[in-house]
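Breakdown of the fold
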Amino acid sequence: MKSARYLLGAVRFNVVEYYTWFLFIGIYLATGIFVPTIFTSATVSNVLVQGTTVCLLSIGMTFVMLVGEIDLSIVAAAAFAPIMGIISWEVGFPVPVAILLTLVIGAVIGFFNGLMITKLKIPSLVQTVAMWWMLGGIVLIITRGEAKTGLPDAWMLLGRVFIGPIPLLVFFFILVVIVAIIFARRTVTGRRLYLVGGNREACGAMGIPVDRIRIISFMISGFFGALAGYVLSARMGFVSSRFAVEWLMPAIAAPVIAGVSLTGGRGNFLNVIAGAYLVQLIVMVVRAGGVGGYFTEFVQGLLVFIAILVNAGRQRVTGR
Amino acid sequence: MMEVKNITKNFGTVRALSNVSFELEKGRILGLVGDNGAGKSTLLKILSGDLQPTSGEIYLEGRRIRFKSTADAMKIGIAIAYQFLELVDSARVWENFFMGRELTKRIGPLVFLDIERMKHSTAKAVAKYGPELDVEREVGELSGEQRQIIAVTRAIEANPEILLLDESFTLLSLEGRKEIVNFLKKVNRKSDLTMVIVSHDLDLVKELSHYIMVLRGGEKKFFGRTDEISIDDIVRYMLP
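Note that the coordinates shown come from a computational prediction; the quantities given were computed from them, not determined experimentally. Going along each chain's sequence as written, the residues are numbered from 1 onward. Labels follow written order: the first chain is A, the first ligand is 1, and so on. Local features in this predicted model are restricted to residues whose pLDDT is 70 or higher, and side-chain atom pairs enter the listing and the counts only when it is 80 or higher, whereas totals over whole chains, interfaces and linings include all residues.

A closer look at the overall build of chain B
Selection rule: Only runs of H or I of at least four residues qualify as helices and only runs of E of at least two qualify as strands under DSSP, and these elements are numbered from the N terminus. Our radius of gyration looks at C-alpha atoms and nothing else; its globule reference is 2.2 Å times the residue count to the power 0.38. Partly exposed residues are those falling between the two cut-offs: more than 12 but fewer than 20 other C-beta atoms within 10 Å of their own, whereas 20 or more means buried and 12 or fewer means exposed, with C-beta atoms placed from the backbone. Whether two residues are in contact is decided by their C-beta atoms, placed from the backbone, lying within 7 Å.
Across its full length, chain B holds eight helices and 12 strands. Relative to the globule expectation of 18 Å for 240 residues, the C-alpha radius of gyration of chain B, 19 Å, shows essentially globular dimensions. If one aligns the C-alpha atoms of chain B with their principal axes, the spans along those axes are about 65 × 40 × 30 Å. In chain B, buried positions account for 41% of the 240 residues. Here the contacts in chain B between residues at least 6 apart in sequence split such that 66% fall between residues at least 24 apart.

Structural data, given as structure tokens:
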């Protein structure tokens, strides 16, 4: 019991710290005045489920941001890894193995990114753009531009099974979040991500294997990219070459809104969840709120920009 | 007893240190002074294993010691506290204190950090020599002397024989300087720790150290007891 309390202590509540949640809930209530339909349980459930993709991508992105890096290939992993998983199923592997393979491929992509970035000292922005480009190209070759459909039922279990009114996916998602938070706050490697992001030289001087920690962060982001892609495909029932690409900007914006430092060392995963749902809410409300046709993306971007400004203001005041 | 014999260090054709020798009894503090480029940092780096001397030997209690890295030097009992290089500002005091050697505990088959024990040990270690400190605070919020106390306390946790301190006091306030002097004197007295201190602050070196060595252009110009030399004389030795 004591150990359970210790681990859950990782998610202690603190008003100042979790301001992103207040921002999210505040904006949610405020937009409800203009778009009352967002209070219906159907919409809430919808946002909750749809938001898992952005959340998982944002969590992955946060792990690399903690060490002061960025991973743009995360959305390519989200398409490439599930496609390879499905191909492995098509050639005869059982579905659980195919899913596992999907996640492993994500981690391997991250490992390769991390290796290039630490050993050849390629900036992460450059390395991961190249990786994104390449993987996107491979996916295009494999799919010939068409969506890959006809996924096995077992693959789509997560997206199709409900416990009461709530999809299994939501429970799975909550579990993943809890594990991620406990990893970040209560394990040696997790804490070292923050330390390495805070001061790489200091960590090296104190005997922390800095490069290994940085590589691990990319493996985690690749893993989360693959997981987000798998979850999305389980929900949608297909994988396409343009899969998840639209969520790259939100996956970067969400951690930034949540106060994750782009230079590393700071980041609260619970806030990242709120940030991701905030971005998801903005995207959805602008669509549902009847912002016409060509204006949608501009208004979405503008609102995200405002949220980032609010966070910048907060950081000036609190000094973190 | 630490003996340094005929240490010479060349960087290409540039001679940074030339035949520097000195002896230091256990528990004594040596202040190493000199103008920029005099070779004091180079000497400190050689003593800490960060640099290899071109020639010369180092003996500890009569035994010749050699090391290839700072990690090697640490194993032999030489610890170094650089100024601000080795603290993570965005991390808390206890995290900084235990970075690289985190305490863990098992829960079932998994290994987790033992945060309570680390906080407790940190508070205890800091309180041993210095004023009380909230170990939950981020290091970036602390004053220069508090940061210095943390870095030094962390360095001496492993019970080293010799502690090397580099340029540690330049950014301190007057009160902060006093606090650091008291703190280091206490550390020196309580644990009989031999120390080598590099600083530009001559008043501080005079106040703190038992011996003073003046380097100029890589050569030893003076070595002697602190009470045998005035600050004016130190300056005279430092200048060409």
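Resuming the write-up.
Re the pairing of strand β9 (residues 162-166) of chain B
Residues and elements named next belong to chain B. Quick reminder of the rule: Two strands are counted as paired when DSSP detects at least two bridges linking them.
The buried fraction of β9 amounts to four of the five residues, a majority that puts the element mostly inside the structure. Relative to β9, strand β6 (residues 78-81) runs parallel, the two sharing four bridges. Residue pairing in the sheet places Ala79 in a bridge with Leu163 of β9.

Regarding the sheet that holds strand β4 (residues 55-60) of chain B
Residue and element names in this part refer to chain B. To keep things clear, this is the line we draw: Orientation is described by lines fitted to C-alpha atoms, with helices fitted over the stretch in contact, and by angles between N-to-C directions that extend from 0 to 180 degrees.
Within the open sheet, the four strands sit side by side as β2-β1-β4-β5. Their pairing is antiparallel. Bordering the open sheet on either side are β2 (14-24) and β5 (63-65), each of which pairs with just one other strand. Here the strands of the sheet are splayed against their neighbours by 30° on average, with no regard to which way each runs. The sheet contact formed by strand β1 (residues 2-11) and β2 spans seven bridges and is antiparallel. Residue pairing for β2: Lys9 is matched across the bridge by Leu17.

Here's the deal with the sheet that holds strand β12 (residues 219-225) of chain B
Residues and elements named next belong to chain B. Pairing is mixed across the open sheet formed by six strands, whose spatial order is β6-β9-β10-β3-β11-β12. For this open sheet the edge positions go to β6 and β12, each flanked by a neighbour on one side alone. On average, each strand axis in the sheet is inclined to that of its neighbour by 15°, with strand direction left out of account. Of the pairings in the sheet, the one linking strand β11 (residues 211-216) to β12 comprises six bridges and is antiparallel in character. Considered in β12, the bridge of Val214 is made with Phe222. Where helix α5 (residues 144-156) meets the sheet, it contacts β6 and β9, and its direction lies at approximately 165° from that of β6.

As for the environment of Val14(B)
Here Val14(B) lies in strand β2. A C-alpha to C-alpha distance of 34 Å links Val14(B) and Asp227(B), two positions 213 residues apart in sequence.

Points about the interface of chain A and chain B
The following threshold applies: Residues are grouped as follows: nonpolar covers Ala, Val, Leu, Ile, Met, Phe, Trp, Tyr, Cys and Pro; charged covers Asp, Glu, Lys and Arg; every other residue, Gly included, is treated as polar.
Listed by partner, the interface residues are 18 residues for chain A and 16 residues for chain B. When residues of the side of chain A that touches chain B are traced back to their parent elements, those giving at least two are α9 (188-198) and α10 (200-205) of chain A. Of all the elements, α9(A) adds the most residues to the side of chain A that touches chain B, at five residues. Considering only residue class, the side of chain A that touches chain B consists of eight nonpolar, six polar and four charged.

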